[in-house]
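# Coordinate analysis (summary)
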Amino acid sequence: MYYALMDDRRDAAIQHGLDAIHDKLAAGRRLSAEDGLFLLRPETSLHVVGQLAAERCREKHGRTVFYNLNNHLNPTNVCVYRCKLCAFYRADGHPEGYFLSFDEILRRGQEAWDSGCTEMHIVGGLPPDRPFDWYVSILRVLHEAFPKLHLKAWTAVEIAWFSRISGKSAAQVLETLMEAGLGSLPGGGAEIFHPEVRSKISAGKADADRWLEIHRTAHRLGLRSNATMLFGHVEQPRHRVDHWLRLRELQDETGGFQAFVPLPFHPRATALAHLPKPAAMDNLRTIAVSRLMLDNFDHIKAYWISLGVGVAQTALAYGANDLDGTVRRESIYHEAGSDAPEVLTVDELCGLIREAGREPVERDSLYRRVRRNGREWEIEFDPLER
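Before going into details, it helps to say that this report is about the structure given with it. As the structure is a prediction and not an experimental result, all values here were calculated from the model.

Glancing now at the overall build of the chain. Along the chain, the regular secondary structure elements total 15 helices and 12 strands. The C-alpha radius of gyration of the chain comes to 21 Å, within 12% of the 21 Å expected for a compact globule of 386 residues. The dimensions of the chain, computed from C-alpha atoms along their principal axes, are 75 × 45 × 40 Å. In the chain, which comprises 386 residues, the share counted as buried stands at 56%. Looking at the chain alone, contacts between residues at least 24 apart form 75% of all its contacts between residues at least 6 apart. With the model as given, the accessible surface of the chain reaches about 16300 Å², and the carbon-plus-sulfur share is 50%.

Membership of the largest hydrophobic core comes to 106 residues, with the highest contact counts inside it found for Trp154, Phe162, Leu177 and Leu247. Excluding anything up to four places from it in sequence, leucine 177 contacts Phe132, Val136, Leu139, Trp154, Ile159, Phe162 and Leu182.

It is worth spelling out the sheet that holds strand 2 (residues 70-73) at this point. Strand order in this open sheet of 7 strands is 2-3-4-5-6-7-8, and the pairing throughout is parallel. Only two strands of the sheet have a single partner each, and these edge strands are strand 2 and strand 8 (299-300). Pairing between strand 2 and strand 3 (residues 119-122): 4 bridges, direction parallel. Residue leucine 73 lies in a different strand from strand 3, and its bridge partner there is isoleucine 122. Across the sheet, helix 9 (residues 208-220) touches strand 5 (182-185), strand 6 (224-231) and strand 7 (257-264), and the angle it forms with strand 6 is around 160°.

The next subject is the pattern of salt bridges. Per the stated rule, a full pass over the model turns up 26 salt bridges. Across the salt bridge formed by arginine 246 and aspartate 242, the nearest N and O atoms sit 2.9 Å from each other. Residue arginine 246 and its partner aspartate 242 are both found in helix 10 (residues 237-254); the two are separated by 4 residues, about one turn of the helix. Overall, the relative accessible area of 23% leaves arginine 246 in the partly exposed class. The residue arginine 363 makes a salt bridge to aspartate 322 at a minimum N-O spacing of 2.9 Å. A residue pair is termed long-range when its members are at least 10 positions apart, and arginine 363 in the loop between strand 10 (359-362) and strand 11 (369-373) and aspartate 322 in strand 9 (residues 322-325) qualify at 41 residues. For the pair formed by arginine 363 and aspartate 322, the shared burial category is buried. Each of Arg30, Arg248, Asp252 and Asp295 takes part in salt bridges that share partners, so that together they form one network.

Summarising the element assignment, glutamine 251 is placed in helix 10. Judged by its relative accessible area of 6%, glutamine 251 is buried. Linking glutamine 251 and leucine 294, residues 43 residues apart in sequence, is a C-alpha distance of 9.0 Å. Setting aside its immediate chain neighbours within four residues, glutamine 251 contacts Gly256, Phe257, Asn296 and Phe297.

Counted according to the given criterion, the structure contains 13 aromatic pairs. Aromatic side chains phenylalanine 132 and phenylalanine 162 sit 5.6 Å apart centroid to centroid with 40° between the ring planes, which places their arrangement in the tilted category. One end of the pair, phenylalanine 132, is in helix 5 (residues 132-145); the other, phenylalanine 162, is in helix 6 (residues 156-166), and 30 residues separate them in sequence. When its relative accessible area of 8% is taken as the criterion, phenylalanine 132 is described as buried. According to the relative accessible area criterion, phenylalanine 162 is buried, its value standing at 0%. Seen in terms of ring centroids, phenylalanine 193 and tryptophan 211 are 5.3 Å apart; in terms of plane orientation they differ by 55°. Their pairing is tilted. You can see phenylalanine 193 sitting in the loop between strand 5 and helix 8 (195-201) and its partner tryptophan 211 sitting in helix 9, a full 18 residues away along the chain. Looking at phenylalanine 193, the relative accessible area reads 1%, which means it is buried. Look at tryptophan 211 and you get buried, because its relative accessible area is 0%. Members of the aromatic cluster, connected to one another through ring pairs, are Phe99, Phe132, Trp134, Tyr135, Trp154 and Phe162. Over the ring of tryptophan 134 we find arginine 130, and its NZ or CZ is 5.3 Å from the ring centre.

In this section: helix 9. Side chains that are three or four residues apart share a direction in an α-helix, a result of its 3.6 residues per turn. The terminal C-alpha atoms of helix 9, which comprises 13 residues, lie 18 Å apart, in line with the 18 Å expected from a rise of 1.5 Å per residue. For helix 9, the full list of buried residues reads Ala208, Trp211, Leu212, Ile214, His215, Thr217, Ala218 and His219. At the N-terminal boundary of helix 9, the capping side chain belongs to aspartate 207, with an oxygen 3.3 Å from the backbone nitrogen of aspartate 209.

This next bit is on unusual backbone geometry. Phi is positive for glutamate 191, which is not a glycine, with a value near 50°. Note that glutamate 191 resides in the loop between strand 5 and helix 8. Accessibility expressed as a relative area gives 10% for glutamate 191, which makes it buried. A positive phi is found at tyrosine 367, a non-glycine position, where the angle reads about 60°.

Criteria and cut-off values
- Residues numbered from 1 in each chain as written.
- Predicted model: local features only at pLDDT ≥ 70, side-chain atom pairs only at ≥ 80, totals over all residues.
- Heavy atoms only, no water.
- Helix = DSSP H or I, 4+ residues; strand = E, 2+ residues; numbered from the N terminus.
- Rg over C-alpha atoms; globule rule 2.2 N^0.38 Å.
- Buried < 20%, exposed > 50% of the residue type's maximum accessible area, 1.4 Å probe, protein only.
- Contact = heavy atoms within 4.5 Å.
- Areas by Shrake-Rupley, 256 points an atom, 1.4 Å probe, with all protein chains shown as cover.
- Core = buried A, V, L, I, M, F, W, Y, C linked by side-chain atoms within 4.5 Å.
- Pairing = 2+ DSSP bridges.
- Axes fitted to C-alpha atoms, helices over the stretch in contact; angles between N-to-C directions.
- Salt bridge = Lys/Arg side-chain N within 4 Å of Asp/Glu carboxyl O.
- Phe/Tyr/Trp six-rings, centres within 6.5 Å; stacked < 30°, edge-to-face > 60°.
- Lys NZ or Arg CZ within 6 Å of the ring centre and 35° of its normal.
- Expected span 1.5 Å × (residues − 1).
- Polar contact = N/O pair within 3.5 Å; in protein donor to acceptor, adjacent residues only side chain to side chain.

The structure is reproduced here in structure tokens:
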């Protein structure tokens, strides 16, 4: 009887907390750190959290779910950093290290263009002996050959490295890359911002303040960017909440972030291979709470490469409104054990979205609608959407 009473009291407290958050959201008030921690508690109903997130998503996007046609390019896997969470990197001189030639990079660009892609997503390792101009040239040759292809390239960690090896400021680095064809920044390298975690998983590379400052600078220069969070390893709920609050604060300041991408950790072949992958329910809860905490982010992406296709589709009922894209030639998550397909076709993406009761809409990298006729496409400008 005592335990039953305790359960009743706990359930009543949880319901009271959910009611209070519902009322706060309905009144247009911002959730606090304490609210975020409450929503992440496993005893807080995932079903209700998902409903709250789905309501916020519908308010912004109705039944629309976005996707794009994109190709990934990883010019090298050789890297000076030894991040414990990374299965992709190889040390300088390792027999499995590689560098793509410019001929191969152009072939990848041609493959993307022939496949009807609107975007090339470019990230990779940071080798000790390549000058800044090598990275600039990658963008330049692609942009000159395929000027219509949007180049979303180089994370803030990479920009920080370019600044270090070139002696240029982050702004000067970004301006040089923009002249070469840079269109926007991906959100990688954010991992977990809190120093208690970052020092354990990615010591040595750009810290949270540097990551945020580079995105602030990019936004000031007119570039849009994404933001990520790699979760489900050694962090605690409070670290996730801290991460969201830092992103929300910068978005309040600049408005330059387009999408938030929650990325579950895949441990295989990393230095943290003893850890389990985060469970599907944790993935869905994190996506839902992301939607609720990041009230100033328009788009929450369910990246099917990291989540798996089934969970990504389910995430459309938990606050996500974007499935990313075809994601041809992704390497980083597959190296870490992702069993997602190598690529999804447009028909497969649209089928997943429609099966979830939503309406698929193709977008470009800047979330403008695309009007397509086979491989030929044009941007459909709609000022009411911006």
